[in-house]
Amino acid sequence: MAYNTQSKYHIIVDDLKASIYSGRLNAGEAVKSEKQLSEEYTVSRSTVRKALSALVDENLIFTIQGKGYFVSEPQLNTYTVYLNDEMSPLKTRLIGVKIVRAEEALRNKVKYNIGNKALEIMRYYYYDDDELVGFGVKYIPFNNNVPILERDFQYTSFEDGISNDSKALLFRPLAADNKISEMLHTYVGAPILKMEQTIVDKANNICSYEDMFMLGDRFVINGE
Amino acid sequence: MKICSCWATGLLLMVNELNTRLYSSLTGDIIKKISSGKLLPGDKLPSENMLMESYGLSKTTVSRCLQTLSNEGYIVNIPRVGNYVKKSKSTQYELVFDGESNVSLLADSMRGGDFSCTHDPASGLYKVAYNKIYYSEKKVICFCDYLLTLDTDDGIDPSIIEMPINNLLKKYHNLHSIKKTVIIQAIVCPPDLADIMGIPDTSIIMSLERNYYSLDGTTIGFCKSFFRDQSFDFHLYSKKSFIR
C-alpha cells in the first residue's frame, strides 16, 4: 500500500512546495494554518499535519509552537543524507558475536564510558541483490542484568530502533589493508569509506559504537 | 532457602522469557516487515483486534507491543485512527558542509587559479570556471573544481574566486529555486590530481561533489572537492524531527 499519487496528502505537499519554490511564499512568511488547510482541501487535520511534517522534514518550513508554520530560510550548507534509503536498503548478515573487554577494544575511540565488557558484533552489509558492500564491527555495552534483544544484531543495520537517541557518524577515506581486503574480497589498497558511528541516549549513555568499512566503489553517500 | 531462591529465579526467568517471546513474535515480525519493505512509511497497521486474532495474543500484550514499536520510533499512533509506519528518521542524517569555511579552518593558505569566464549573449548568462587549492603547512589538503552559471548584467570579476560558493549562489540566484545534491565517495586519486596534491597515484582520497540545479533540472553548477586522506573529518548527525 504505497501512497496514491493523487492523494490529497500529495496535492497539499505539492501545492505548498510550488508556492515556496515560485517565491509566492517567501522565507519567514507564515504558511496557512492547519485549520485553513484542512477546510480548503476538505481533509482531516491529521492528513494536513502529515503533509506539513513532510515539508518540515525537507527543511522547507519550520514550526513555532502555538504560532504555526513558517517558510524556512534556504540552507545551502545543510544536506539531508539518507544512508539506508528505500531504494537501496542495506541488509546485514551476522558474522559473529563475542564478549570482549570493552576498554581494550575501544581505547581511544569512544569518549563515553562503555563499561567493562562489551558485545562485539561483526556483520556484513549487503544490498538487496546480495552484493557485498562492507562490514562492520559494533560494540554494545554488555551488562548481565540487561537482556540483549535479538534485534540488536539481527534486524538492525543503521537503524537502531531506539528513538530520540543522537547519532554521530564520522567518515573518512582509507586504503584496504590485508584484513579488510580479505573480508571484502578486494585488493589491498582498494578505496574504503570508513564510518564510525556512535549512538548515545538522552542521558548521554553510550548505546553502541560501530566501525564500518564500506567498499568505496559500491558505497556512495548521497544527500540533498 | 538456597534452593527456594534458585527456584524463584528460575521461575522468574521462565516468565520473563515467555513474555519476551510473546512480545518479540509480534514486535519482531512488524520490525521485519518494516525493514524488508513489506510495510512502507505511511502504511496503516492492522487494527489491535485484528492483530490479537492473527497472533493469538491478548489485548494487553498487543498494546504493549505497539507501545514498544512506537517508543522505538517504528510506528506512530494516532488516537482513534490507528497505527502508521513512521518515515524512518533514524536513517536520515544531517550534513552541514559549508565548503570553504569548513576547509579554511584547517588551511593556512588558499590559492585560486585557472579562472575562465564565457558570456553567452543569447541567454545573458556567464559561465565561470575556476579552482581553489588549500594548503596547510605547505601541503595541499584540498582541491576544489568549480563550474557555475551566473545570471548578471554587471559582468564577472575574477575576484569572485574569493567568495564562498554559497554567497555566490545567494547573490545571483533565488535560493528557494535551487536544488542541490551531494555525493561523497572514497576514491583512488586520479593521476593529475595526485600530481597537484603531491601524493602517490594509488592514494585513497575523499571526493565530495556538490551539484546545483534549478527546479526544471538545468544545471546551475558544481563544485568538486577532493580531500587528502585523513586531513578532514566529516561528521553526520542524526536528524531531529520537530513535530510528531
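Values in this document were obtained by computation on a predicted structure and should not be read as measured data. (Residues numbered from 1 in each chain as written. Chains lettered and ligands numbered in written order. Predicted model: local features only at pLDDT ≥ 70, side-chain atom pairs only at ≥ 80, totals over all residues. Heavy atoms only, no water.)

1. Observations regarding the confidence of the model for chain B
All names here are of chain B. What counts here: By definition, pLDDT measures how confident the predictor is in each residue, and it falls between 0 and 100. Whether two residues are in contact is decided by their heavy atoms: any pair within 4.5 Å suffices.
In the predicted model, chain B carries a mean pLDDT of 78, and 82% of its residues have values of at least 70. Across residues 1-13, where pLDDT falls below 50, the model places zero contacts with residues more than four positions away in sequence or in other chains. Across the predicted assembly, pTM comes out at 0.67 and ipTM at 0.71.

2. With respect to the side chain of Arg228(B)
Residues and elements named next belong to chain B. Inclusion rule: Only DSSP runs of H or I reaching four residues or more are called helices, and only runs of E reaching two or more are called strands; each is numbered from the N terminus. Throughout this description, buried means an accessible area under 20% of the type-specific maximum (1.4 Å probe, protein chains only), exposed means over 50%, and partly exposed covers the range between. Any N or O atom pair separated by 3.5 Å or less is treated as a polar contact, with the protein-specific requirement of one donor-capable and one acceptor-capable atom, and with residues adjacent in sequence counted only for side-chain atom pairs.
With respect to the element layout, Arg228 can be found in the loop between strand 9 (219-227) and strand 10 (234-238). Judged by relative accessible area, Arg228 falls into the buried class, the value being 15%. Polar contacts involving the side chain of Arg228 include one to the main-chain carbonyl oxygen of Met197, which spans 3.4 Å. The contacts of Arg228, once residues within four sequence positions are left out, are Lys139, Val140, Ile141, Met197, Gly198, Ile199 and Ile205.

3. A short note on the pairing of strand 5 (residues 117-126) of chain A
All names here are of chain A. Quick reminder of the rule: Pairing between strands is defined by DSSP: at least two bridges between the two strands are required.
For strand 5, the tally of buried residues reaches nine of 10 residues, placing the bulk of the element in the interior. Note that strand 5 and strand 6 (residues 132-141) share nine bridges and pair antiparallel. Looking at strand 6, one finds that Tyr125 is bridged to Gly134. Joining the antiparallel neighbours strand 5 and strand 6 is a turn of five residues, in which Asp130 adopts a positive phi near 70°.

4. Structural notes on the pattern of salt bridges
Filter applied, for reference: What makes a salt bridge here is a side-chain nitrogen of Lys or Arg within 4 Å of a carboxyl oxygen of Asp or Glu, nothing more.
As enumerated under the stated definition, the model contains 12 salt bridges over all chains in all. Here Lys35(A) ties to Glu39(A) by a salt bridge, and the two come within 3.7 Å at their closest N and O atoms. Highlighted residues: Lys35(A) and Glu39(A), both in helix 2 (residues 34-40), separated by four residues, approximately one helical turn. Two residues, Glu48(B) and Lys59(B), come together in a salt bridge whose shortest N-O distance is 3.7 Å. Residue Glu48(B) is found in helix 2 (residues 48-55), and its partner Lys59(B) is found in helix 3 (residues 59-71); the two are separated by 11 residues along the sequence. Relative accessible area serves as the criterion here: at 25%, Glu48(B) is assigned to the partly exposed category. Taken together, the shared-partner salt bridges in this structure form one network comprising Glu34(A), Arg45(A) and Arg49(A).

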